Amino acid sequence: MSRFFGVKKHKLLTLWTHSNYSIINEFMKQPSILIIYTGGTIGMVDDPETGVLAALNFEHILVQVPALKRFGYKINTISFEKPIDSSNVNPKIWIQLAQIIRDNHDKYDGFVILHGTDTMSYSASALSFMLENLHKPVIFTGSQLPIETIRTDGKENIITSIEIAAAKRNGKPVVPEVCIYFENQLYRGNRTRKYNAEHFDAFESPNYPPLAEIGIHIKYNFEAIHYPSQKKRINIKTNLDTNIGILKLFPGISKEFIFAVLSTKGLKAIVLETFGSGNAPTEKWFVSILKDALTKNIIILNITQCNAGTVELGRYETSAQLAEIGIIGGGDLTTEAAITKLMFLLGQQLTPTEIKKYLQISIAGEISLNRDY
Ligand code: ASP
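Summarised in this report is the structure supplied together with it. (Residues numbered from 1 in each chain as written. Predicted model: local features only at pLDDT ≥ 70, side-chain atom pairs only at ≥ 80, totals over all residues. Heavy atoms only, no water.)

In this section: the site of the ligand. The environment of the ligand is made up of Gly40, Thr41, Asp85, Ser86, Gly116, Thr117, Asp118, Ser143 and Gln144. The separation between an oxygen atom of the ligand and a polar side-chain atom of Thr117 is 2.4 Å. The backbone of Ser143 places a nitrogen or oxygen atom 3.2 Å from an oxygen atom of the ligand. For the ligand, the protein covers 90% of the area, taking 260 Å² as the surface of the free molecule. Broken down by class, the residue content of the shell around the ligand amounts to no nonpolar, seven polar and two charged. (Near = heavy atom within 4 Å. Polar contact = N/O pair within 3.5 Å; in protein donor to acceptor, adjacent residues only side chain to side chain. Areas by Shrake-Rupley, 256 points an atom, 1.4 Å probe, with all protein chains shown as cover. Nonpolar A, V, L, I, M, F, W, Y, C, P; charged D, E, K, R; others polar.)

The following block contains the structure:
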């Protein structure tokens, strides 16, 4: 077991020990998968004393899923030394994950990241921006019930994620994207949100179709999957700027509150969660506070509070004024994609005009507008 970026590396299955050359050759054709275990419910156990769920280490997970050995794949694992609840995930963890994937990109056919469900959509969105020229599947999964629970959803989620991460068509990965696999659906990660804290189907992708639906067969939606056009080397972009915030409107929101949020020291951008197709109060004080923020070069990105659909600035009078003062329409971005896209763009050496341009086009398939990748 070796240390690796503060994480432990295990060799779960080694299929290279056969002496017969042809058998070795055969095995070499077998898919190779790297599982990265970060934590989350999937690896938690009820502490009998406190009644609180606490993280287990990865060996326990492997014991619970003996079927992994029957795949005949080369499966290696890396686990965080201290598995975490995903509420403790932050950009440092995303950078660690991006580095692990970059360093192992050419050694494996695909990657499966075991991650808590609570912030999985943020992590998948962030990595979709940070992993430039990704050519391999990166599948996030986890579970709603711990793996050692009899009714756990974790076993099926891990097994199918591995199968998807290894899938190839004409020698190429079927899904070379950052995805979330959960409860029979494979989604583009940056289109998802966790919408249910109770059901096994915890995720949805309200504005983009599933990349695959899983029943007796795995039915890939090839039209919806993005295939990189050029074979450039993977590159990771790890500069993220967290001087941002979310301002969710509600009827009766006070002037003082909005003013306080927009006066936050060092604030560079906010995601403004508006009503319907991007609408907001027309009151003078409201527009004037936003205008002041814009003159201080704070970027304001307008996304809808609705579960599905898109911002259409100018459709109503209540959004036309926002466009007029220079607020950017975020189309059908989810909150998770909007936040991580802002962190990512602000972290690059871009001019404000470039940031505004990239916010309105797709850089990793996150928005249903012009694609630019
Ligand atoms: N609190 C857990 C986490 O996000 C929930 C889960 O994994 O489902 O880490």
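And the narrative resumes.
Attention shifts here to the packing of helix H4 (residues 120-130) against helix H9 (residues 335-347). Geometrically, a packed helix pair is captured by the angle between its two axes and the distance between the axes. For the pair H4 and H9, the least separation of the axes is 8 Å and the interaxial angle reads 40°. As the angle between them shows, H4 and H9 are arranged oblique. Our pair here, H4 against H9, has a crossing hand that is right-handed. Contact residues: H4 offers Ser121, Tyr122, Ser125, Ala126, Phe129 and Met130, while H9 offers Thr335, Glu336, Ala337, Ile339, Thr340, Lys341 and Phe344. Taken together, the residues that form the contact of H4 with H9 break down as seven nonpolar, four polar and two charged. (Axes fitted to C-alpha atoms, helices over the stretch in contact; angles between N-to-C directions. Helix = DSSP H or I, 4+ residues; strand = E, 2+ residues; numbered from the N terminus. Parallel < 35°, antiparallel > 145°, perpendicular 65-115°, else oblique. Left-handed = near helix turned anticlockwise from the far one by under 90°. Contact = heavy atoms within 4.5 Å.)

Nothing here speaks to function; it is geometry throughout.
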